[in-house]
Amino acid sequence: MILEGFPVGSMEANCYIIGCPETKEAAVVDPGAEGGRILRRLEQLSLKCRYIILTHGHVDHIGALGQVKEATGAGVLIHRDDAHMLTSAGSNLSLYMGLSISYPPADRLLEDGDVITVGKQTLRVIHTPGHTPGGICLEVGDSLITGDTLFAGSVGRSDFPGGSHQQLIKSIKEKLLCYPPETRVLPGHGPASTIGEEAKYNPFLNGQW
């Protein structure tokens, strides 16, 4: 499996490319900005983007969605509870940054437990509300792409509309910490970690915060 990530845009949101080396099909997760750079990397890897998967609907994770979709024709996937954020500049917070970004509705609305097939690779959707109502993580092999749910040493903000800190912590403890400790955590911002490291040292999860 091809799985690589890199920060994009002024808010340095991590964009991930997941590819099947046999079929050359790919998914782009959270194209937050720098659409040209994302497209160039797909070309360098000789991958064709089939899906654009959004861990949630905030502007720093969807800013280059239109550019990537227009160039690739890929289907846009987002959880049902964040679907309105694509079509509303107020809901995705771009309006408050002077950008006013909105897009057509998603091509597929995701639910907890859904499976997304990328070539011969399978990704599983984990609904983890708290940062947003429709926030998701993705099980990708022995890794979890955690969006703005879980970071190295921290957790996502819950002070935006629809956020809930209590729900966020519940999502992490019940749906993510059950994975083996060696499972890689690939967050929406910042460096990677592991489930074991976060369970042991993350102050929001072990009672130190």
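Residues take numbers from 1 onward in each chain, read along the sequence in its written order. With pLDDT at 70 or above as the cut-off, local features in this predicted model cover only qualifying residues; side-chain atom pairs require 80 or more to be listed or tallied, and sums for whole chains, interfaces and linings still use all residues. Only heavy atoms go into the side-chain values, all of them from the structure, while hydrogens and water stay out.

Observations concerning the overall build of the chain
Helix and strand definitions follow DSSP, with helices as H or I runs of at least four residues and strands as E runs of at least two, each counted in order from the N terminus. When helices and strands are tallied, the chain shows six helices and 14 strands. Computed over C-alpha atoms, the radius of gyration of the chain comes to 16 Å, within 12% of the 17 Å expected from 2.2 N^0.38 for 209 residues, which places it in the range of a compact globule. Expressed as lengths along the three principal axes of its C-alpha atoms, the size of the chain is roughly 45 × 40 × 30 Å. For every residue, the accessible area (1.4 Å probe, protein chains only) is compared with the maximum for its type, and the residue is labelled buried under 20%, exposed over 50%, or partly exposed between those bounds. Expressed as a percentage of the 209 residues in the chain, the buried residues total 51%. Contacts in the chain between residues far apart in sequence, at least 24 positions, make up 59% of those at least 6 positions apart. Approximately 9000 Å² of the chain is accessible, and the part contributed by carbon and sulfur atoms is 51%. Throughout, the radius of gyration refers to the C-alpha atoms, and the reference size of a globule is 2.2 Å times the residue count to the power 0.38. Contact criterion: two residues are considered in contact whenever any of their non-hydrogen atoms come within 4.5 Å of each other. The Shrake-Rupley method, run with a 1.4 Å probe sphere, supplies the accessible areas, and residue values consider only the shown protein chains as cover.

Thoughts on the UniProt feature "domain: Metallo-beta-lactamase" (unreviewed entry) in the chain
Per the UniProt record, "domain: Metallo-beta-lactamase" (unreviewed entry) is annotated on residues 12–189. Segment residues 12–189 splits into 21% helix and 31% strand. End C-alpha atoms: 6 Å apart. UniProt positions are given in the numbering used here, feature names are shortened, and annotations may be inferred rather than shown by experiment.

Regarding the nonpolar core
As used in this record, nonpolar core signifies buried Ala, Val, Leu, Ile, Met, Phe, Trp, Tyr and Cys residues forming a set joined through side-chain atoms within 4.5 Å. Counting residues in each nonpolar core, the largest one holds 27 residues, and the members touching the most others are Ile-52, Leu-54 and Leu-86. The biggest single contributor to this core is strand E1 (residues 2–8), with three residues. When sequence neighbours within four positions are dropped, the list of residues in contact with Ile-52 reads Val-28, Pro-31, Leu-65, Val-68, Lys-69, Ala-74, Gly-75, Val-76 and Leu-77. Val-29, Tyr-51, Val-118 and Leu-186 belong to the second-largest nonpolar core, a separate cluster that totals 17 residues.

So, empty space enclosed by the protein
Cavities and pockets are defined on a 1 Å grid built over the protein atoms alone: a cavity is a set of grid points where a 1.4 Å probe fits but cannot escape, while a pocket is an open set with protein on both sides within 12 Å along at least five of seven lines, and lining residues are those with an atom within 4 Å of any such point. Grid points are joined across faces, edges and corners, and a volume is the space filled by probe spheres set on the points. Throughout the structure, instances matching the rule amount to one cavity of 30 Å³ or more. Its volume calculated, the largest cavity comes out at about 40 Å³. Under the grouping applied here, Gly and all other residues not named as nonpolar or charged are polar, the nonpolar ones being Ala, Val, Leu, Ile, Met, Phe, Trp, Tyr, Cys and Pro and the charged ones Asp, Glu, Lys and Arg. Among the residues making up the lining of the largest cavity, the classes are represented as one nonpolar, eight polar and one charged.

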